[in-house]
Amino acid sequence: MFEAVTSQIRSFFPNRDFIPLHEPKFIGREKEYLAATIDSTFVSSVGKFVDRFEEMMRDYTGTGHAVATVNGTAALHAALVVAGVTAGDEVITQPLTFVATANAISYCGAQPVFLDVDCDTMGLSPDALRAFLEEHTEQSGNSCRNKTTGRRIRACVPMHTFGHPCRIEEIADLCRTHNLFLIEDAAESLGSTRVGKQTGTFGTLGVYSFNGNKTITCGGGGAIVTNDKTLAAHAKHLTTTAKKPHPYLYEHDEVGFNYRMPNLNAALACAQLENLDRFLADKRELAELYRNFFSTQPAIDFVAEPEGTRANHWLNTILLTDRPTRDLFLAETNEAGIQTRPAWTLLNRLKIYGHCRTDGLVNATWLAERIVNIPSSVRL
Ligand SMILES: *Cc1c(COP(=O)(O)O)cnc(C)c1O
């Protein structure tokens, strides 16, 4: 039924039996940096590549501070802790996201509140956020309180789905007027911009991931960026077991985490980041090929980058007409050796998050039944 699609995808990735959804690309100085790290013996918690990577992330995102972490989930967790999220708080996020977004909230003893997304960006909808804040919250002192539960809502964590920037500046305005701490889950959107500004830099804190399936990878890794010097210092301290600096004494002034990025991973991360702009140009080209092709396929919609944005095109996304058609598409393409996958199960539908508050989730529900991600690797 979808022969035209499978043969088109095969033509974009020629001479491949199996076409993965997203594979890493190592065409830069990865081996050189890794060998230098091994030769130096500084493979673990300290080393020059960690410092260099943090500096490169600052430069790339145009922020004042960057803290490298062992993975993106740890970065999210640490960001929430330094934002002051504590047990009993509520944190607003979207249900259409990878489970790590909500898990990090849970690690703090806080509860996610799942609000709807926009259909075009697939990220948290400022309209849904505004409606929820107006109807269900009140300001008390300098904090935002959920009138129904009596709990403090400390933060909001929107996610830039598949690399498409959400309407983040409107969300930032709402967070400002309602005393919510804005933490962007930019795990999927490194290099994506909205009105010329990098995703991850609109909030007080932004978080990235360098997992194996992301736009660039260092095996496992993450980063927090911020312009707030105090928060950055706290994030660094907290992710390095909260050890007070001293040549040999071990003193820790809070319960910290062993979340730092090893120097070995940082070596890989530096080499990958050096090639990010090339990767982005190549991914933009593929997205354009897909967009042109799917414009000839009446029953399939290609999700183009939202207006006013430049997406990193991490995972190209199409919408099928309904769930049965989507399931047919998934079965046929995967059987043909072309890896495709549906959206994550909406987090409010997981047993672990079934008790959490939601709004109507009309768009998230509609999208979750129709989304399919298609092969999106860099082809250089
Ligand atoms: C990948 C990802 C993370 C966290 O990634 P790690 O695998 O822990 O590095 C967090 N949120 C979203 C939306 C992601 O896609």
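Residues numbered from 1 in each chain as written. Predicted model: local features only at pLDDT ≥ 70, side-chain atom pairs only at ≥ 80, totals over all residues. Heavy atoms only, no water.

S.K.: Just checking my understanding: could you explain the packing of helix 6 (residues 126–136) against helix 7 (residues 168–177) for this structure?
M.R.: The relative placement of two packed helices is expressed as an angle between their axes plus a distance between the axes. Here helix 6 crosses helix 7 at 15 degrees, and the two axes come no closer than 9 Å. As summarised for this structure, helix 6 and helix 7 are arranged roughly parallel, according to the angle between their axes. Note that helix 6 runs across helix 7; the crossing there is left-handed. Where helix 6 approaches helix 7, its residues Pro126, Leu129, Arg130 and Leu133 are matched on the opposing element by Glu170, Ile171 and Leu174. Considering only residue class, the contact of helix 6 with helix 7 consists of 5 nonpolar, no polar and 2 charged. (Axes fitted to C-alpha atoms, helices over the stretch in contact; angles between N-to-C directions. Helix = DSSP H or I, 4+ residues; strand = E, 2+ residues; numbered from the N terminus. Parallel < 35°, antiparallel > 145°, perpendicular 65-115°, else oblique. Left-handed = near helix turned anticlockwise from the far one by under 90°. Contact = heavy atoms within 4.5 Å. Nonpolar A, V, L, I, M, F, W, Y, C, P; charged D, E, K, R; others polar.)

S.K.: What am I meant to see in the pairing of strand 14 (residues 316–319) here?
M.R.: Here is the key point about a regular strand: its side chains alternate between the two faces of the sheet. Neither face of strand 14 is left uncovered, since the one carrying Asn316 and Ile318 and the one carrying Thr317 and Leu319 both have all their residues buried. Taken together, the 2 bridges between strand 12 (residues 301–302) and strand 14 define a ladder with antiparallel strand orientation. Residue aspartate 301 lies in a different strand from strand 14, and its bridge partner there is leucine 319. Note: strand 14 against strand 16 (residues 371–374), 4 bridges, orientation antiparallel. By the bridge assignment, asparagine 316 is partnered in strand 16 with isoleucine 374. (Buried < 20%, exposed > 50% of the residue type's maximum accessible area, 1.4 Å probe, protein only. Pairing = 2+ DSSP bridges.)

S.K.: Is there a simple way to explain the site of the ligand in this structure?
M.R.: Residues in contact with the ligand amount to 16 residues; listed here are only the nearest, Gly72, Thr73, Glu188, Ser209 and Lys214. In the environment of the ligand, a nitrogen atom lies 2.8 Å from a nitrogen or oxygen atom belonging to the side chain of aspartate 185. At 3.2 Å, a side-chain N or O of lysine 214 approaches an oxygen atom of the ligand. Burial of the ligand by the protein amounts to 92% of the accessible area it has alone, namely 380 Å². Elements with a minimum of two residues in the shell around the ligand: helix 4 (72–82) and helix 5 (99–107). Of all the elements, helix 4 adds the most residues to the shell around the ligand, at 3 residues. A breakdown of the residues in the shell around the ligand according to their chemical character gives 5 nonpolar, 8 polar and 3 charged. (Near = heavy atom within 4 Å. Polar contact = N/O pair within 3.5 Å; in protein donor to acceptor, adjacent residues only side chain to side chain. Areas by Shrake-Rupley, 256 points an atom, 1.4 Å probe, with all protein chains shown as cover.)

S.K.: How should I be thinking about the packing of helix 2 (residues 30–40) against helix 9 (residues 263–274) in this particular structure?
M.R.: Running from amino to carboxyl end, helix 2 crosses helix 9 at an angle of 155 degrees, the nearest separation of the two axes being 8 Å. Between helix 2 and helix 9, the interaxial angle falls into the category roughly antiparallel. As for how helix 2 packs across helix 9, the hand of that crossing is right-handed. Packed against helix 2, whose contacting residues are Glu30, Tyr33, Leu34, Thr37 and Ile38, the element helix 9 presents Asn263, Leu264, Ala267, Leu268, Cys270, Ala271, Gln272 and Glu274 at the interface. Of the residues belonging to the contact of helix 2 with helix 9, the class tally is 8 nonpolar, 3 polar and 2 charged.

S.K.: Is there a simple way to think about the nonpolar core in this case?
M.R.: Burial of nonpolar side chains together is a common tendency in soluble globular proteins. The biggest cluster of nonpolar side chains holds 29 residues, and the ones touching the most others in it are Phe53, Met57, Leu190, Phe210 and Leu273. Ranked by residues supplied to this core, first place goes to helix 9 with 7 residues. Residue assignment places this core across two domains, with domain 1 (3–26 + 276–348 + 357–374) and domain 2 (30–274) each supplying three or more. When sequence neighbours within four positions are dropped, the list of residues in contact with leucine 190 reads Met57, Tyr60, Tyr208, Phe210, Ile216, Leu273, Leu276, Leu280 and Asn312. (Core = buried A, V, L, I, M, F, W, Y, C linked by side-chain atoms within 4.5 Å. Domains from an automatic or database assignment.)

S.K.: Help me understand the sheet that holds strand 16 in this model?
M.R.: Pairing between the strands of a sheet is mediated by backbone hydrogen bonds and can be parallel or antiparallel. Spatial ordering of the open sheet is given by 12-14-16-15, a layout of 4 strands whose pairing is antiparallel. A strand with exactly one partner marks an edge of an open sheet, and here the two such strands are strand 12 and strand 15 (341–342). In this fold helix 11 (residues 323–335) packs onto strand 14, strand 15 and strand 16, with an angle of close to 20 degrees to the strand it touches most, strand 16.

S.K.: Honestly, the sheet that holds strand 9 (residues 197–198) in this entry has me stumped. Any pointers?
M.R.: The 3 strands lie next to each other as 9-8-13, forming an open sheet whose pairing is antiparallel. Of all the strands in the sheet, the pair left with one neighbour each is strand 9 and strand 13 (309–310). By the bridge criterion, 2 bridges tie strand 8 (residues 193–194) to strand 9 in an arrangement that is antiparallel. Residue pairing for strand 9: threonine 193 is matched across the bridge by glutamine 198.

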